Amino acid sequence: MRWVKALLVAVLASAIAAVAKPAPRTHPRPTRLADTGLYSDFASRTVDSQNLPYSPQYPLWSDGARKRRWIHLPPGSTIDARNAEAWVFPVGTKFWKEFAWSRRVETRFLERTSDGWVYAAYVWADDESDAVLAPEAGILSGQEVAPDKRHFIPSVKDCESCHRAGRSEILGFGALQLSSDRDPLAPHAEPVADDFLSLAKLARRGLVRGLPPDILSSPPRIAASSPRGRATLGYLHANCGGCHDSIGSLASLGLTLRYPLSARDALSVPALAAIGRASRIQLPGAKGTSVWLSPGDPSSSAILARMASRNPVYQMPPLGSKVVDEEAVELISRWIGEDLKGSSP
Amino acid sequence: MKSWRLAVCVGLFAAVIGMSTVAADRKGPGATVRRGEYLVTLGGCNDCHTPLKMGANGPEPDRSRLLSGHPQDLAMPPAPKLPPGPWMYTAAATMTAWAGPWGVSFTSNLTPDAETGLGKWTEQNFVESMRSGRHMGHGRSILPPMPYEAIAKMTDSDLKAVFAYLRSIPAVTNRVPDPIVPEPK
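Residues numbered from 1 in each chain as written. Chains lettered and ligands numbered in written order. Predicted model: local features only at pLDDT ≥ 70, side-chain atom pairs only at ≥ 80, totals over all residues.

Draft legend 1. Structural context of the pairing of strand S8 (residues 116–124) of chain A. Residues and elements named next belong to chain A. In terms of strand pairing, strand S7 (residues 104–113) meets S8 through eight bridges, oriented antiparallel. Each bridged residue has a counterpart across the sheet, and for Glu106 the counterpart in S8 is Val123. What sits between the antiparallel neighbours S7 and S8 is a turn of two residues. Relative to strand S9 (residues 131–133), S8 runs antiparallel, the two sharing three bridges. Within S9, the position partnered with Tyr122 by the bridge is Leu133. Connecting the antiparallel pair S8 and S9 is a turn made up of six residues, with Glu128 showing a positive phi of about 60°. (Pairing = 2+ DSSP bridges. Helix = DSSP H or I, 4+ residues; strand = E, 2+ residues; numbered from the N terminus.)

Here's what the structure looks like:
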């Protein structure tokens, strides 16, 4: 009977292999924002008290949108922060981000299911009476963000393009972004209300486990040679570092703009490795090749030129914005022109 | 009884291993590359990525520039403006430059050249590009007439075979111009 057993074992192994194969991400998405659990009373727009507000110290630029954010953790669950650079969230975690100009325009929603993260965007009606699921291919909203330019509500592929590029699908919610040692020069930083989450509050409330002790005793802070450098590196971390990381899809580019908590001093920040390094892209109007960061010479620095462009071929980030962030361009231009002057690769 | 069952079991095991070995031998170490070449040929990649040149019998692929994209030394004049009507696209004689409502696109250098081709791309970069329709999977949109929507339907193993083939062809140093695209509304 041994051969019968062997056959059974083989069949069983095949079945297990088939079951263990990741399932396609087909988790259904609610058709209305009201059904995602954000509000305890949608009519009065009362946010459920179990959904906790927060604000990253270095926000992503979104063409001047005012943003509000919340996280929901299933009761009794915790975030696994043993890897301080890539937290792992329990199944059932939800994130919401609301985009508003003169009115609410869009609310993005991420939910951690057993199949992985599910992405959805909800479009608010002009009178804010309801918010319904956007088409999977995205949709142009009625919100003008600049003359003749309207806010685009992203497709699911757009969401995945940024959120699945690096070491974690969750961007803007981590040790550096929630540090209580907030950067006063961070562009577009939002005021922090008393009930907003911070790293210390997460730990006190037992919502996070495995945090390295030194991160709690000494809140994360970007090491830089000047306050302007700190704000610049924080901006690059939040707006570029999701893709431009030493781990993940674009690691092969060798351009790391994500700030690692392991950086011990201003000289060991990976973004500074971009100084003097040739960029493959030929900037419009420029002769010859450019370099990513040219100390003392903002106009020859490809990173700045691409931030300052909204031509679809050159703009960075490549999606999610139609208006140049002039405040950030000014900040980083001065950092390259003054703070980096005399630096060498 | 036990001995013949054991013999059958050993025989079956040997047969399975033997069949696998024969199959692997048949495929050979270059099987993936050959599969990739087959897919690239069938998929029409050469139609746009290998420039046409004029031969004795008319336009023919320039094999010396295999899959190296729009020739860097072929500077294109501005695309002709088409009158309103059903004509909407124009293409260069090489089939490597295309103009339409999106702007002007030049076909990419797919050879393994490190500075001007896919030499620094990883297999993951390539697969993600074809799946997402974005440069390196996360950058700017890949432009028409690249039929990435159809290619996105290929299996992972087929996309990896295509990449393996593209890594196997001669590197051609050819810096393709960036596309020319107007700012969208």
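Draft legend 2. Region of interest: the sheet that holds S9 of chain A. Residues and elements named next belong to chain A. Read from one edge to the other, the open sheet built from six strands follows the order S3-S4-S6-S7-S8-S9, with strand pairing classed as antiparallel. At either margin of the open sheet sits one strand with a lone partner, and together these are strand S3 (52–54) and S9. Taking each pair of neighbouring strands and ignoring which way they run, the sheet shows an average axis angle of 25°. Where strand S6 (residues 94–100) and S7 come together, seven bridges link them in antiparallel fashion. Bridge assignment links Lys97 to a residue of S7, and that residue is Arg108. (Axes fitted to C-alpha atoms, helices over the stretch in contact; angles between N-to-C directions.)

Draft legend 3. Region of the structure containing the nonpolar core. Formed by 71 residues in total, the largest nonpolar core has its most connected members in Tyr122, Leu233, Ala271, Ala274, Ile303, Leu304 and Met307 of chain A. Among the elements that line this core, the one with the most residues is S8 of chain A, at six residues. Beyond its immediate stretch of four places on either side in the chain, Ile303 of chain A contacts Ala274, Trp292 and Leu293 of chain A. Within the second largest apolar cluster, 14 residues are counted, among which are Leu110, Leu118, Leu159 and Tyr165 of chain B. (Core = buried A, V, L, I, M, F, W, Y, C linked by C-beta atoms within 7 Å. Buried ≥ 20, exposed ≤ 12 C-beta atoms within 10 Å, placed from the backbone. Contact = placed C-beta atoms within 7 Å.)

Draft legend 4. Molecular detail of the sheet that holds strand S3 (residues 90–91) of chain B. Residue and element names in this part refer to chain B. Across the sheet, which stays open at both edges, the three strands sit in the order S3-S4-S5 with antiparallel pairing between neighbours. Each having just a single partner strand, S3 and strand S5 (103–106) make up the two edges of the open sheet. Where strand S4 (residues 97–100) and S5 come together, four bridges link them in antiparallel fashion. In the sheet register, Trp98 faces S5, and the bridge partner there is Ser105.

Draft legend 5. View of unusual backbone geometry. Along the chain, Met316 of chain A connects to Pro317 of chain A via a cis peptide bond; the corresponding omega equals -5°. In this structure, Pro317 of chain A sits in the loop between helix H6 (302–307) and helix H7 (326–339). A cis geometry characterises the amide bond from Pro144 of chain B onward to Pro145 of chain B, with omega recorded as 5°. Positioned with a positive phi, His188 of chain A is a non-glycine residue whose angle comes to about 65°. If you trace the backbone, His188 of chain A turns up in the loop between helix H2 (156–163) and helix H3 (199–204).

Draft legend 6. Quick peek at the domain arrangement of chain A. Residues and elements named next belong to chain A. Its domain assignment divides chain A into domain 1 (33–219) and domain 2 (238–339). The distance between the C-alpha centroids of domain 1 and domain 2 comes to 25 Å. On the side of domain 2, 21 residues touch domain 1, which itself brings 25 residues to the contact. Looking at which element gives the most residues to the side of domain 1 that touches domain 2, the answer is H2, with three residues. (Domains from an automatic or database assignment.)

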